[in-house]
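Secondary and tertiary structure notes
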Amino acid sequence: MSSGTWNVGLISAVIYTTASTLAAAAFFAVTVLTGDYSWVARAGGSAWVFLLSMIILMPTVTPWLRKRLGD
Amino acid sequence: MSQEEKQTRIEELTVPVAGMTCAACVMTIEKALRGLPGVREASVSLAGGKAAVRVDPGACTLPDIERAIEDVGYEVPWARLELLVPGMMGAHCEENISAALNALPGVVSVRATSATDSVVVEYSQALVSAATIKKTVRELGYQVTEKGQGEDSLDRERRLRQAEIRRQILNMLFAWPLGALVMLGTFRDSWSVLEGVLPSFMGEKLFLFALTTPIVVGPGRQFFVNSWNGLRRGVTDMNLLYATGIGAAYLIAVINTFWPDAGFGGEKATFYEAAALLTAFIVLGRYLEAITRGRTSEAIRKLMKLQPKRARVLRDGKELDIPADEVEAGDVCLVRPGESIPVDGAVVDGYSAVDESMVTGESLPVEKRAGDDVIGGTLNKTGAFSFRATRVGAETALSQIIKLVEEAQTTKAPIQALADRVAGHFILGVHALALAVFLFWFFVGFDLWFTADSRLVLTPYTLADMQVFGLALLISVTVLVISCPCAVGLATPSAMMAGTGKGAEFGILFKGADAMEATAKVQVVVLDKTGTLTKGEPSVTDVLAVDGAPGEVLRLAAAAEKNSEHPLGEAIVRGAAARGIDVRAADSFQAVPGHGVEATLDGAAVLLGNRKLMADRSVAVDGLLTEAERLESEGKTVMFVAADGRALGLVAVADTLKETSVRAVRELKRLGMEVAMITGDNRRTAEAIGRELGIDRVLAEVLPQDKAAEVRKLQTEGKAVAMVGDGINDAPALAQAEVGMAIGSGTDVAKETGNVILIRDDILDAVAAVQVARATMRLVKQNLFWAFGYNAAAIPLGAGILYPFVAQVVSPELAALLMASSSLSVTMNTLRMRGYVPPVKRGPPAASPEPARREATAVEVAS
C-alpha cells in the first residue's frame, strides 16, 4: 500500500471519527442542557448518534478526501 | 516474466462476480474496487455478473481485486481448467509450466503437480481462453488433455449460487424453529391461549436470550461480517442495514433483560423475537434472492449452454474428438444426427435439416446441403454431414450474439439512471433518515405523543414502560430495516435482462437498454422498400418496344446492365437470359446513381434509366409515357431504353412483396404507429406499392444517400423515428433514426449498424421488436411503481407517522417481512416475462390478402 493511500485512510479516519464524536457530544450536551433525561438515555443516545454518524461519514469522507488530495 | 512485468501490460481487468442482487450491490463493489490503489475506474454489471476495472499498470493484481470483492461479501467465480499433462519431471517442470501460464494476462493461479500429471488453472475467461492456456503448455513441449469438461464461469457461478442456497437453507433451518420458539415464548404471557400450552420457563427472558443469541451470532453473523468488511473499505450496503437493525434490536432486548430499569421499556419490552425473526426474515429474503437470481437472465444462460464443448474433426485422415474451442478455421468437422454443430462453417458433403431456432428464432428446421452455411450451437436433426469450419472461437455467430446480448445487458437505460441514483445512495440516505427520525422522536415526538397504551403493530406488545431513548431507538431501527432499496435497484435491470433475453430468443438483438427504451417510444416506422418489404429480387414483367421488337429492347438493356450490381440491372440480365437472349457485355459502362446507366455497344450509345436520365440526355419518351404511367400505377418500376438519342422502348420490373409485409404494416399500425415507406422508385410506382401494403406515407424518389436526410425531416416534426432496412446499404439512415433496425443480418451480427438487429429476414420481427420493447418497458414501469411505491409507503410507516393517531409503531420484524416481500414482488413480476411471446408471434399468422400480381411473369407487349 502506498504512503499516499495510507495518509488518506488515516486522515479520513481522523476526520470522520472526530466529526462523529462531536455529533455525539453535541447530542449529549443538548440532552443535558434542554431536558430531564436519564443518564442511560443520554449515553445510549450519544452512542447511537455516534454510530450512525460514523456509518454516514465513513463512506463519505474517504472518497471525498481521496478526490481532493488526488490520490 | 515476473509478476510485475506481466502487470504492466494489463490495463483493463475483467472479473466475474457472483452474489449480486441489485444496484446497491453494484455500487458497493464499485466503491470497494475504486478504493484499491491504482484503480482509475470500476464498472460493475449486475446483469453480466462482471466487473471491469481500469488500473494503473502494475498497481494491483487480479487477486487484489478478488480480495476486495470478497471482502464486501461477494464471490469471484474464476473459470477453472484441469489439465492432464503427462511428462512433467519434478519441480523444474512444474515451475516452468507455472511461470509460462502465470505470464498470461488473466491467469489467476496455477497449480502444477508432477506426481499426478495435473495442472489446475484458475483464470478470467474475459482475458484468456482455455485454448490459449492449453496451447501455451503445448508450446513448452508437453502433451495436454483436458480432464473432464473443466468448469467455466457460468458453471462456477451456478455452483456458488447453489452453495449460497444450501447455506441459507441451513441458516433458515436454524433460525426459523428457534425464532418460532422465541416468538411463542415472548407472547406466552400476552396470549392466554399459549399459557395453558407452553411451559412457563419459555417465557423467561433468560431462556429467550439463550435462544436468540445463537440466531444472531449464527445466521445473523454474515451481515455483521460483510458490513464491517464493507465499512473498512468505506462502503455501505444492505448488510449494514440488516446488521444495525438486528444488532440494535438484540441490544435493546439484552439491556432490558439484564438492566430492566435502564429505560428501554423494561422486561415487558424485550424484543428478542424482533431480533430473532428479523434475522429469520432476512435470511429468507436472501434465500429467495439466491433462488430467483439468474432466472431473469435465463436466456443468456440458454445461449451460453448452446456452446458445444466437443467437436469431431478430420485431421490427417483421422477422426478426432477434440474440445470445440480447439477447432481451427479450415478444419473439416463431422456432425451426426442429433449432435450440435460445434462452430460456424459451410457444408462440404451430406444433407440434413438443422434446427436453428435457438440462434435465429426460425421455428422450422432449415435444410442444409453442400455449400450452405451452418451455425455453431445449432442442432443437427436428421442427416449426417461434414462441413468446413469458417468462424471459430469468439468469431462464431453464437459468440457474437452472446457478446452482444451481454453488452446490452450491461448498459443502462435512461429510465434506470434515477433508480440507480436512488438505490446507490439510499443506504447512506437511510442512515441519515434513521438519525433524523431518532433525533425527532427523542427530542420532540416522545414528549408530544407517547402514551401508556402504545403498542407494536399486529402484536399484543405494550410499550407502556418504554422511555424516550427506547422508543426513539426502536423507530430508528425500524426505519433502517424497512427502507432497504433492493426492490428499487432490481426493478429496471431485472426487467431489461428479461427483455433483452426474450428478444434474443426470437432472433431480435437489442444493442443496449437505451435501444430497448427508444424502441418502445417509437412513433414513426420508416421501412425501406427493397429487401425489407420486398424480397429484393425483382424480375422483368413487361417489355415495350416502339418499333415492335421487344427482344431487341431487352437485349440492349441487358447488355447495358451486364456488369451492373444493381438489383434492377441484375433482374434485367436474368430476364433476358430467361428469354433465351444472348447477353453480351457492353463495350463501356457507366452507372448514373439514382437514375440509370449509360453504355456503349457496337458503337451505339445506349441509355437505360428513368425519365430524368432521358430528359438530361434530351431523349424524347413522350410516346411511351402513357404505357409507362399505367405500369407505374401497377407498382412496377419502368426504365426507358434509348440508343443514339432515340427512345426504343421500355422495360418494366417489379419486385415481389414478402409474404409477411402486408401483415407487418397492419400490425405496426395497430400498435399506433405511423408507417412510412422509403424508396428510390418514382412516386407513382412507390404509391402503388404503398397502397398495396396499406402505407399512407410514401417517401419516393429518394436517392440512397438522401435516406438519412428524409429520416431527419421526420424527426424535425418531433417524432421518434425507427428506420428498418439493410444494415449495410441503409447504414446512414439507420444511424440517423432514434432506432435503427438492421433486418436480415444473418449471423454476422457484429458487422451490423443499427441498435436493433433482426437476425432473420422477416419484417414481422420489427413488429415483434416493438412489442418486446413495449412489454419490457411496461415491466420496468410496473417494477418501479411497486418498488418506489413500497418505499414511499413503508418509510413513513416505519418512521412512526401513524403513531400520533393510533399509538402503534411497526416492529422491526414486520419491517423485515415487508422489505422481503417488496423485492419478491418485483422479482415475481419480472419473471412473468419468461412466458412472454410477442403477440405477432403467437399462433399461425393471420390470413392476409397477399398480392398475386407480383409473381414474376414476363408479359411482352408490343406497342
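In this text the structure is predicted, and so the values were computed from the model without any measurement. The numbering scheme is per chain: residues are counted from 1 as the chain's sequence reads. The lettering of chains begins at A and the numbering of ligands begins at 1, in the order of writing. The predicted nature of this model means local features are confined to residues of pLDDT at least 70 and side-chain atom pairs, given and counted, to a pLDDT of 80 or more, with totals for whole chains, interfaces and linings taken over all residues. The side-chain values count all of the structure's non-hydrogen atoms but skip hydrogen atoms and water molecules.

Looking at the overall build of chain B
The helix and strand tally for chain B stands at 30 helices and 32 strands. Exposed residues in this analysis have more than 50% of their type's maximum accessible area, buried residues have under 20%, and partly exposed residues fall in between, with area computed by a 1.4 Å probe over protein chains only. Buried positions account for 57% of the 863 residues belonging to chain B. Restricting to contacts in chain B with at least 6 residues of sequence separation, those with at least 24 account for 70%. Carbon and sulfur atoms provide 56% of the accessible area of chain B, an area that totals close to 34,000 Å². In this text, helices come from DSSP runs of H or I with a minimum length of four residues, and strands from runs of E with a minimum of two, each type numbered from the N-terminal end. Contacts are assigned to residue pairs that have any heavy atoms within 4.5 Å of one another. Each accessible area value is a Shrake-Rupley result obtained with a 1.4 Å probe; residue values ignore everything except the protein chains displayed when judging cover.

Brief notes about the overall build of chain A
Counting its regular elements, chain A contains two helices and zero strands. The burial tally for chain A puts 37% of its 71 residues in the buried class. Pairs at least 24 apart in sequence give 67% of the contacts found in chain A among residues at least 6 apart.

Thoughts on the sheet that holds strand E27 (residues 697-699) of chain B
All names here are of chain B. One requirement defines pairing of two strands: DSSP has to find at least two bridges between them. Reading across from one edge, E18-E30-E29-E28-E19-E26-E27 is the order of the seven strands in this open sheet, with mixed pairing throughout. Here the strands that pair on one side only, and so sit at the sheet edges, are strand E18 (508-510) and E27. Strand-to-strand twist across the sheet, computed as the mean angle between neighbouring axes with direction ignored, equals 20°. Of the pairings in the sheet, the one linking E18 to strand E30 (residues 756-758) comprises three bridges and is antiparallel in character. If you follow Leu509 over to E30, its bridge partner there is Ile757. To define axes, lines are fitted to C-alpha atoms, for helices over the stretch in contact only, and angles between the resulting N-to-C directions are given on a 0 to 180 degree scale.

Examining the sheet that holds strand E4 (residues 79-84) of chain B
Residues and elements named next belong to chain B. Judged by pairing direction, the sheet is antiparallel, and its four strands sit side by side in the order E5-E6-E4-E7 without closing on themselves. The sheet is open, and its two borders are formed by strand E5 (107-113) and strand E7 (145-146), each paired with just one other strand. With six bridges connecting them, E4 and strand E6 (residues 118-123) associate as antiparallel partners. Looking at the pairing, Ala79 lines up with Tyr123 of E6. Seen against the sheet, helix H4 (residues 91-102) touches E5 and E6 and runs at an angle of roughly 165° to E5.

Here we look at the pattern of salt bridges
Residue and element names in this part refer to chain B. Definition used for salt bridges: Asp or Glu carboxyl oxygen within 4 Å of a side-chain nitrogen of Lys or Arg. In this structure the tally under the stated criterion is 42 salt bridges over all chains. The salt bridge involving Asp528 is made with Lys707; its shortest N-O contact spans 2.8 Å. Here the residue Asp528 occupies a position in strand E19 (residues 524-528), and Lys707 occupies one in helix H26 (residues 707-716), the gap between them amounting to 179 residues. Residue Asp528 is classed as buried on the basis of its relative accessible area, which comes to 5%. The salt bridge involving Arg697 is made with Glu717; its shortest N-O contact spans 2.7 Å. Separated by 20 residues along the polypeptide, Arg697 in strand E27 and Glu717 in the loop between H26 and strand E28 (721-725) bring together distant segments of the chain. Judged by relative accessible area, which is 41%, Glu717 ranks as partly exposed. Put simply, Asp542, Glu627, Arg630, Glu634 and Lys636 are held in one network by salt bridges that share partners.

Side note on the confidence of the model for chain B
Residues and elements named next belong to chain B. A residue's pLDDT is simply how confident the predictor is in it, with values from 0 to 100. For chain B, the mean per-residue pLDDT works out to 80, and 85% of the residues sit at or above 70. Across residues 1-9 the pLDDT falls below 50, and counting only partners more than four positions away or on other chains, this stretch makes 17 contacts in the model. Contacts for the low-pLDDT stretch residues 845-863, under 50 throughout, to residues beyond four places or in other chains number 46 contacts. In the predicted complex, the global pTM is 0.68; the interface-specific ipTM is 0.92.

Side note on the interface of chain A and chain B
Opposite the 21 residues of chain A that make contact, chain B presents 29 residues. Taken together, both faces of the contact between chain A and chain B bury some 2,000 Å²; the carbon and sulfur share is 81%. Contact with chain B buries area across many residues of chain A, yet Tyr37, Trp48 and Ile55 of chain A alone supply 30% of it, more than any other trio. The interface formed by chain A and chain B includes zero salt bridges. Here a polar contact is recorded for every N or O atom pair within 3.5 Å, except that within protein the pair must consist of a potential hydrogen donor and a potential acceptor, and residues adjacent in sequence are included only if both atoms are side-chain atoms. Where chain A meets chain B, there are two residue pairs in polar contact (both at pLDDT 80 or more). Defined here as a combined quantity, buried area equals the accessible surface (1.4 Å probe) lost by two parts on assembly, summed across both.

Observations regarding unusual backbone geometry
The phi torsion of most residues other than glycine is negative, and most of the peptide bonds are trans. Its identity is not glycine, yet Ser618 of chain B carries a phi of approximately 60°, on the positive side. In this fold, Ser618 of chain B is placed in the loop between helix H22 (611-616) and helix H23 (622-633).

Focus on the pairing of E6 of chain B
All names here are of chain B. E6 sits mainly inside the fold: six of its six residues count as buried. Of the two faces of E6, both are covered, the one formed by Ser118, Val120 and Glu122 as well as the one formed by Val119, Val121 and Tyr123. Bridge count between E5 and E6: six bridges; the pairing is antiparallel. Bridging from a neighbouring strand, Val110 pairs with Val121 of E6. The loop that links E5 with its antiparallel partner E6 comprises four residues; one of these, Asp117, has a positive phi angle of about 55°.

Side note on a nonpolar patch on the surface
What goes into a patch is any residue over 30% in relative accessible area without a salt bridge, connected to like charges within 9 Å or, for nonpolar side chains (Val, Leu, Ile, Met, Phe, Trp, Tyr), within 5 Å. A contiguous nonpolar surface patch, about 480 Å² in accessible area, is contributed by Leu797, Ile801, Leu802, Phe805 and Val806 of chain B. Relative to the helices and strands, Phe805 of chain B resides in helix H29 (residues 803-806).

Structural notes on the environment of Gln162 of chain B
All names here are of chain B. Summarising the element assignment, Gln162 is placed in helix H6 (residues 153-187). By relative accessible area, Gln162 is classed as partly exposed at 40%. Here the alpha-carbon distance between Gln162 and Ile291, two residues 129 residues apart in the chain, equals 8.3 Å.

What about the packing of helix H18 (residues 513-520) of chain B against helix H28 (residues 764-798) of chain B?
How two helices pack is summed up by the angle between their axes together with the distance between the axes. Residue and element names in this part refer to chain B. As a packed pair, H18 and H28 sit with axes 8 Å apart at the nearest point and diverge in direction by 100°. Relative to H28, H18 is oriented roughly perpendicular. Only Ala769, Val770, Val772, Ala773, Arg774, Thr776 and Met777 of H28 make contact with H18, whose side of the interface consists of Met516, Glu517, Thr519 and Ala520. Nonpolar residues are Ala, Val, Leu, Ile, Met, Phe, Trp, Tyr, Cys and Pro. Charged residues are Asp, Glu, Lys and Arg, and all others, Gly as well, are polar. For the contact of H18 with H28, the residue count by class is seven nonpolar, two polar and two charged. Oblique is the label for every angle not falling under 35 degrees (roughly parallel), over 145 degrees (roughly antiparallel), or within 65 to 115 degrees (roughly perpendicular).

With respect to H23 of chain B
Residue and element names in this part refer to chain B. With twelve residues, H23 extends 17 Å between its outermost C-alpha atoms, agreeing within 8% with the 16 Å of an ideal straight helix rising 1.5 Å per residue. Residues of H23 that are buried include every one of Leu624, Ala628, Leu631 and Glu632, and no others. The arc enclosing the buried residues of H23, seen along the axis, measures out at 95°, which places them on a common side. On the buried face of H23, the contacting elements are strand E20 (539-545), H22, strand E24 (637-643), strand E25 (646-654) and helix H25 (683-693). Backbone geometry just downstream of H23 places Gly635 in the positive-phi region, at approximately 90°. Residue count minus one, scaled by 1.5 Å, sets the expected span of a helix. The arc in question is the one traced by the directions running from the helix axis out to the C-beta atoms.

With respect to helix H16 (residues 468-482) of chain B
Here H16 of chain B spans 21 Å end to end across 15 residues, near enough to the 21 Å set by a 1.5 Å rise per residue. In terms of residue burial, H16 of chain B counts as a mostly covered element, since 15 of its 15 residues are buried.

Focus on the pairing of strand E9 (residues 318-323) of chain B
Residue and element names in this part refer to chain B. The sheet contact formed by strand E8 (residues 310-315) and E9 spans six bridges and is antiparallel. Paired with Arg310 across the two strands is Pro323, which belongs to E9. The antiparallel hairpin formed by E8 and E9 contains two residues in its connecting segment, where Asp316 sits at a positive phi of about 55°.

Some points on the packing of aromatic side chains
Between rings of Phe, Tyr and Trp, where Trp is taken as its six-membered ring, a pair exists when centres lie within 6.5 Å; planes separated by under 30 degrees are stacked, by over 60 edge-to-face, and by other angles tilted. The final tally for this structure, using the stated rule, is 20 aromatic pairs over all chains. On the numbers, 5.7 Å between centres and 70° between planes, the contact of Phe785 of chain B with Trp786 of chain B is edge-to-face. We classify Trp786 of chain B as partly exposed; its relative accessible area is 49%. Members of the aromatic cluster, joined through ring pairs, are Phe27 and Tyr37 of chain A together with Phe438, Phe442, Phe443 and Phe469 of chain B. A ring is scored as having a charge over it whenever the NZ atom of a lysine or the CZ atom of an arginine sits within 6 Å of its centre and within 35 degrees of its normal. The side chain of Arg42 of chain A reaches across the aromatic face of Trp39 of chain A, ending 4.7 Å from its centre.

Thoughts on the packing of helix H20 (residues 550-561) of chain B against helix H21 (residues 567-578) of chain B
Residue and element names in this part refer to chain B. The N-to-C vectors of H20 and H21 enclose an angle of 130°; their axes lie 8 Å apart at closest approach. Accordingly, the angle class assigned to the pair H20 and H21 is oblique. For the pair H20 and H21, the sense of crossing is left-handed. Each of Leu554, Ala557, Ala558 and Glu561 in H20 lies in contact with H21, whose residues at this interface are Gly569, Ile572, Val573, Gly575 and Ala576. Residue classes in the contact of H20 with H21 are distributed as six nonpolar, two polar and one charged. In this scheme the handedness of a crossing depends on how the near helix is turned from the far one: anticlockwise by less than a right angle means left-handed, clockwise means right-handed.

A look at the nonpolar core
Of all hydrophobic cores here, the largest spans 76 residues; its most connected members are Trp48 of chain A together with Phe271, Ile282, Phe438, Phe442, Leu463 and Leu471 of chain B. Grouping buried Ala, Val, Leu, Ile, Met, Phe, Trp, Tyr and Cys residues that are joined through side-chain atoms within 4.5 Å yields what is termed a nonpolar core. In terms of nonpolar packing, the next biggest core, distinct from the first, is built from 53 residues, Leu668, Val724, Val739 and Leu764 of chain B among them.

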